[in-house]
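# Understanding the architecture of this molecule
Below, each chain spelled out in residue letters.
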Amino acid sequence: MDRPTEIIVVPHTHWDREWYEPFQRFRLRLVALLDEVFDRMAQDERQRFTLDGQLAAVDDYLEVRPERREQVVALVRAGRLAVGPWQILLDEFLCSGENIVRNLERGLARSAALGGAMPVGYLPDMFGHIAQMPQLLAGAGLAHACVFRGVPDRVRSHAFAWRAPDGTTVRTEYLPGGYGNAAGLMDDPRLVTRRATDLAERLRGWRPDGDDTPILAMYGADHAAPAPDAPDLLAAAGVDGVHLRLGTLAEYFATQPTTVDGLPTVTGELRSHARANILPGVISVRAHLKQAMGRAERRVERYAEPLAALFHDPSVQRFLDMAWTRLIDASCHDSVTGCGCDETAEQVAARLAEADQLGRAVCDLVGARLAGAVPRDGHLLFNPTPAARTALVRLEVEAPADGPVGLVGADGRVAPAQVLDRARTLLADDLVPAADLPAVLTRVHGRELYGQEITAWSVSPDDATLTFEVARHGDPTFDVEDVRLALAAEGGPDRWRVRIVAAPRLTVAALVEVPALGLAAVRPVALPADGPTARASGAAPGPAEAGTPSVTVVDRAVDNGLLRVEVAEDGTLRLSTPDGLSVDGLARLVDGGDVGDSYNYAPPAADELVDKPRAVRTVVVHDGPVVAVLDVVREYRWPVGADVDAGSRRVDREAVTVTTRVELRAGEPFARLRLSFDNRCDDHRVRLHLPLPAPARSSYAEGQFAVVERGLTAEGGGGEVPLPTFPASGFVAAGGAEGSLAVLLTQPTEYELTDSGRELAVTVLRAIGMLSRNRHALRDEPAGPQLPTPLAQCRGERSVDLAVLPFRGDWDSAGVLAAAEAYRHELLDFPGAGEPSGGLPAPVTGLTVDGDGVLLTSVRDRDGRVELRMVAARDTRAVIGAGRGVRGAWRADLVGRAGEPLPVDADNLVRLPLRAWEIATVQLDLPDPG
């Protein structure tokens, strides 16, 4: 007799923390639902519940119902309530890899405090999955994944082997029909048997011959509770050859093997449309949220945490924890995606702003302490990259004298500086009645006046003039009472001239060398007028004398010896390199209609594309030699909106001026671009088109711990037209044997290879007015409720930053990864706060990580050790060192559990072999600084 088929029915809810309603309104519903579920579970020990794989739902509930905590703990420990392993269900492509790690780390820790996490990488509703997810799950000790969207058509069984780029493989459960494939099973008690029979037949089709393990049936839906009498209904259902029982998702996976032997293998990311919508339009809608996420993540990951960890300031850890709470919350798959209501988007923007502010606060606190060793006229610079670098820094300094200016370091070397701007020196020049002088003096607060400090003052009775001289740092002996007494002694004039004169201040740019993840101090110095490379008294030769390249401007062309950028009559760019690689027509703007929604782009049936400006002009902003900047100003007339019903764009036009700022720095092989404009139109998509030096058959996009290759098409079949628009976070590169082009990015960005691989199109703006549309030309069914989202039209000032790098060969050997790192990680400066007569402190190396293709992604404090995470683009060896030496080193797993010790050699270095695309976590015991 054949063994009966066992179906484990998993009661659950899929909980969107915020979506078509804002967070607090959804939380009211969550509390009511869980009150009901937990009351039932207290009355009936047969009840089981799986809480969507995210601890956020538990935290949100217990904040309102703290008295339920002990019940929740008891249910988790009894195995009746499955929680975790995530803190929140995220969108994997719209946050950094480190954000994903912290999400998982926090979810596992919080789950452990409640009794233990569900040992499954449950990913039920993400809009596709990143390539490195198998390695991340395995690194956290999870042997299983469970997915719905993005699975390719060739997977025909319920389980497959999902392989990361490094070769790590996890057994992965596919959910045919989604996380609600048994949602209606017990809606009508009279139909449970029939529906169970149909369910068994449907799910058996996904079991290969010889697989007699239990079948998984997901009994739940969005924001829904299971039937209160579910155990009785299942017990009463009589299905021939089928045994139905309630269980948690953890109980189901306890019945499944962890081996992947004999399973079909899928390598890399899961972004197929074959079995379900992956809703790719979320990559480009509300682009300002993606920009804010990228900005806040960089601030916390690459500046605040390394500063605190390497220069030992544990007092700021709570600020960092709060920043990560906001970053993780914002990564939710209906949050940073922008596919919620306008109120939700505003809350997400506020969280990201707070995360950025917290990161800045940490930088300010640590930096101010360190800058106490730097004289007041100096600046302390921090390099967030793990290799020494010479990079451009923009500083506001007091002018040491008229004429050329340089920045001198502790070793006496001078970097010639380019003056970018001169601040006003005369801040006020007013005639004031004598009777009003007491009121004028109330503007002085201590020694502060107009945001600066008083360095000197004078009263001139001859011309009845009161003068205050101000600067960034004032005279500590100043007392405003002395001024009152002096004015009283003079008496006389009915009117006084009151002048406030600031010390001359300059904004300068210079190339400065800073050690790896370290500090260097500089101060302004006057240079002799006979040449910008002249040295200060006793100074060593500066970088310019050693052959540092410079940048020049001639007409509408800029050149730094590594790259030449020319502006054409139509405002597009021509880039050329010394080895003969050249490409024309770059940065062509194309505006087209978009009658889609927050989930999917859709052009009008009769679209109109606008790609030719009505007028073009070029303005030279800075002309070198350190940095050159051109503004290319193009005027367009874009349709004001679209007529969705008519399937066309409107006839009315709006004048829009788009400024493309082209910046070329000395020593950089790429051109920095910033596009800015006032969006006055609705229902449209704006893309930046970049012709490639040679047609491409595929693109390479850097994202979360990996560079992924993608073709010109996408696999379809799941209810939406598979447009080949894809996400990239660090860079996207494409081309052929004759040459390639890389676009360097600062935030998750949508791109597409168009014109049969001849052009790269980068989405700058997608303005839409509906959360979802019931009728959508490129999608079979609604993705959510049809609600207006007027703020998603993104009206107002918009800007996008990116850089363009032409190269030969493949992206790896051409150093694109390193260029992208340098592009998005500028030097950070702190004004000096020490004694004005003091000398400059010597440069300090924080941490070095050498190795071809090794990318550092995180440096943090871990219980007194410095923990760093890195990923290797190829088989290589990472060499890790610290400026003050290394006392001990250990490998650690992804969530920080220390493992095997690593040897520290005679040179005080840790040498770590890495396989291609391995994510490695290392903990170091470093001596205390100083």
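About the thresholds
Residues numbered from 1 in each chain as written. Predicted model: local features only at pLDDT ≥ 70, side-chain atom pairs only at ≥ 80, totals over all residues. Heavy atoms only, no water. Helix = DSSP H or I, 4+ residues; strand = E, 2+ residues; numbered from the N terminus. Rg over C-alpha atoms; globule rule 2.2 N^0.38 Å. Buried < 20%, exposed > 50% of the residue type's maximum accessible area, 1.4 Å probe, protein only. Contact = heavy atoms within 4.5 Å. Areas by Shrake-Rupley, 256 points an atom, 1.4 Å probe, with all protein chains shown as cover. Lys, Arg positive; Asp, Glu negative; His and termini not counted. Charge placed at Lys NZ, Arg CZ, Asp CG, Glu CD. Salt bridge = Lys/Arg side-chain N within 4 Å of Asp/Glu carboxyl O. Core = buried A, V, L, I, M, F, W, Y, C linked by side-chain atoms within 4.5 Å. 1 Å grid on protein atoms, 1.4 Å probe; cavity = no way out; pocket = protein on both sides within 12 Å on 5 of 7 lines; lining within 4 Å. Points joined across faces, edges and corners; volume = space filled by probe spheres on them. Nonpolar A, V, L, I, M, F, W, Y, C, P; charged D, E, K, R; others polar. Pairing = 2+ DSSP bridges. Axes fitted to C-alpha atoms, helices over the stretch in contact; angles between N-to-C directions. Phe/Tyr/Trp six-rings, centres within 6.5 Å; stacked < 30°, edge-to-face > 60°.

What follows concerns the overall build of the chain. Across its full length, the chain holds 14 helices and 51 strands. Radius of gyration (C-alpha) of the chain: 31 Å, near the 30 Å computed for a compact globule of 930 residues. For the C-alpha atoms alone, the extent of the chain along its principal axes is close to 115 × 65 × 60 Å. With 930 residues in all, the chain has 59% of them scored as buried. The contacts in the chain between residues at least 6 apart in sequence include a share of 76% that link residues at least 24 apart. Summing over all exposed atoms, the chain offers an accessible surface of approximately 35,100 Å²; the carbon and sulfur share of this is 49%. Placing the 99 positive and 131 negative side-chain charges of the chain at their respective mean positions leaves the two points 2 Å apart.

If you walk through the whole model with that rule in mind, you get 74 salt bridges. Here D211 makes a salt bridge to R207, at a shortest N to O gap of 3.8 Å. R897 is paired through a salt bridge with D893; the nearest N and O atoms lie 2.5 Å apart. You can call R897 partly exposed: its relative accessible area is 48%.

The subject of this paragraph is the nonpolar core. One finds L744, W811, L868, M870 and L924 to be the most contacted residues of the largest nonpolar core, which totals 117 residues. For this core, the element with the most residues is helix α9 (residues 287-310), which contributes 11 residues. Residues contacting M870, with those up to four places away along its chain left out, are V849, V854, L855, L856, T857, A878, I880, L914, E918, I919, A920 and V922. Listed in part, the 50 residues of the second largest apolar core include Y636, A696, A728 and V732.

Next up on the list: empty space enclosed by the protein. Applying the stated criterion across every chain, the model contains 7 cavities of 30 Å³ or more. Its boundaries defined by the atoms lining it, the largest cavity holds a volume of some 360 Å³. Lining the largest cavity are 24 residues, and of these S96, G97, E301, G703 and R824 sit closest to its centre. Of all the elements in the fold, those that place two or more residues in the lining of the largest cavity are α4 (97-114), α9, α14 (816-824) and β45 (854-862). Per element, the largest residue contribution to the lining of the largest cavity is 5 residues, and it comes from α9. Classifying every residue of the lining of the largest cavity by side-chain character gives 5 nonpolar, 11 polar and 8 charged.

Within the element layout of this structure, T754 appears in strand β40 (residues 749-754). Discounting chain neighbours no more than four positions away, the residues touching T754 are R687, H689, E759 and A761.

Counting buried positions along strand β6 (residues 159-163) gives 4 out of 5 residues, so the element sits mostly inside the fold. Linking two consecutive strands that pair antiparallel, namely β6 and strand β7 (residues 169-174), is a turn of 5 residues; a positive phi of about 100° is found at G167 within it.

Time to look at the sheet that holds strand β46 (residues 865-872). If you walk across this open sheet you meet the 5 strands as β45-β46-β51-β48-β49, and the pairing is antiparallel. If you trace the sheet from one side to the other, it starts and ends with β45 and β49 (898-902), each paired once. Neighbour to neighbour, the strand axes of the sheet diverge by 30° on average, direction disregarded. Inspection of the sheet shows strand β48 (residues 888-892) paired to strand β51 (residues 919-925) by 5 bridges, in the antiparallel sense. For A892, the partnering residue across the bridge sits in β51 and is T921. Contacts from α9 reach β45 and β46 within the one sheet, and its direction differs from that of β45 by about 50°.

So, about the packing of aromatic side chains. Under the counting rule described, the total for this entry stands at 14 aromatic pairs. Each ring, one from W15 and one from F26, has its centre 6.2 Å from the other, and the planes form 75°; the classification is edge-to-face. Here F26 lies in helix α1 (residues 23-43) and W15 lies in the loop between β1 (5-14) and α1, a separation of 11 residues in the sequence. A single burial state applies to W15 and to F26, both of which are buried. Judged by centre distance (5.8 Å) and plane angle (45°), the ring pair of F731 and W811 falls under tilted. Taken together, the residues F731 in strand β38 (residues 731-736) and W811 in the loop between β42 (796-807) and α14 connect sequence positions 80 residues apart. On the accessibility criterion, F731 (0% relative accessible area) is buried.

Shape is all these values report; function is a separate question.
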